[in-house]
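Letter by letter, the chains look like this.
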Amino acid sequence: QVQLVESGGGLVQAGGSLRLSCAASGSIFSINAMGWYRQAPGKQRELVAAITSGGSTNYADSVKGRFTISRDNAKNTVYLQMNSLKPEDTAVYYCNAGVVVTTAFREVDYWGQGTQVTVSS
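In this report, the structure presented in the accompanying data block is examined. Note that the coordinates shown come from a computational prediction; the quantities given were computed from them, not determined experimentally.

Definitions and cut-offs
- Residues numbered from 1 in each chain as written.
- Predicted model: local features only at pLDDT ≥ 70, side-chain atom pairs only at ≥ 80, totals over all residues.
- Heavy atoms only, no water.
- Helix = DSSP H or I, 4+ residues; strand = E, 2+ residues; numbered from the N terminus.
- Rg over C-alpha atoms; globule rule 2.2 N^0.38 Å.
- Buried < 20%, exposed > 50% of the residue type's maximum accessible area, 1.4 Å probe, protein only.
- Contact = heavy atoms within 4.5 Å.
- Pairing = 2+ DSSP bridges.
- Axes fitted to C-alpha atoms, helices over the stretch in contact; angles between N-to-C directions.

### A short note on the overall build of the protein
When helices and strands are tallied, the protein shows 0 helices and 11 strands. N-terminal to C-terminal, the α/β element order of the protein is β-β-β-β-β-β-β-β-β-β-β. On C-alpha atoms alone, the protein measures out to a radius of gyration of 14 Å, which is about the 14 Å that the 2.2 N^0.38 rule sets for 121 residues. The principal-axis extents of the C-alpha atoms in the protein amount to approximately 45 × 25 × 25 Å.

The structure is reproduced here in structure tokens:
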């Protein structure tokens, strides 16, 4: 079993910054891609940013130049640095990871429990 635990959400004024963290633990052999998604009320979950095990990244157009995704493979942790936050960034942010589990040596998709980010105008 694998757990993803997120932290770092909260309330911030427009123009401010937050840093989200997501640590994976459990029966992990390796982790392929990791990413952050978000879901605002009444909207579908959308990809915010993703990073491969080799460090290649991609971002949603709406966050390019403001958000930075990074990872520490030794700690099985992914980060999302969010700068110049806007009210439209308000959402629940979810961590996602493609984990090769030791129990079966195949990739399984895992999600965190979500962390609320609220940006006030």
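### What about the environment of Ala97?
As for its position among the elements, Ala97 is in strand β9 (residues 91–101). You can call Ala97 buried: its relative accessible area is 0%. Along the backbone, Ala97 and Phe29 are 68 residues apart, and their C-alpha atoms lie at a distance of 13 Å. Sequence-distant contacts of Ala97, that is, excluding residues within four places in its chain, are made with Leu4, Ile31, Ala33, Met34, Val108, Asp109 and Tyr110.

### Some points on the sheet that holds strand β1 (residues 2–7)
Here we have 4 strands laid out as an open sheet, ordered β1-β3-β8-β7, and antiparallel in their pairing. Only two strands of the sheet have a single neighbouring strand rather than two, namely β1 and β7 (67–72). Taking each pair of neighbouring strands and ignoring which way they run, the sheet shows an average axis angle of 15 degrees. In this structure, β7 lies alongside strand β8 (residues 77–82), joined through 6 bridges in antiparallel fashion. Considered in β8, the bridge of Ile69 is made with Leu80.

### Some thoughts on the pairing of strand β10 (residues 107–111)
Two elements, β9 and β10, share 5 bridges in a ladder whose sense is antiparallel. What sits directly across from Asn96, in β10, is Trp111. In this antiparallel pair of consecutive strands, β9 and β10, the connection spans 5 residues, and Phe105 shows a positive phi of 50 degrees.

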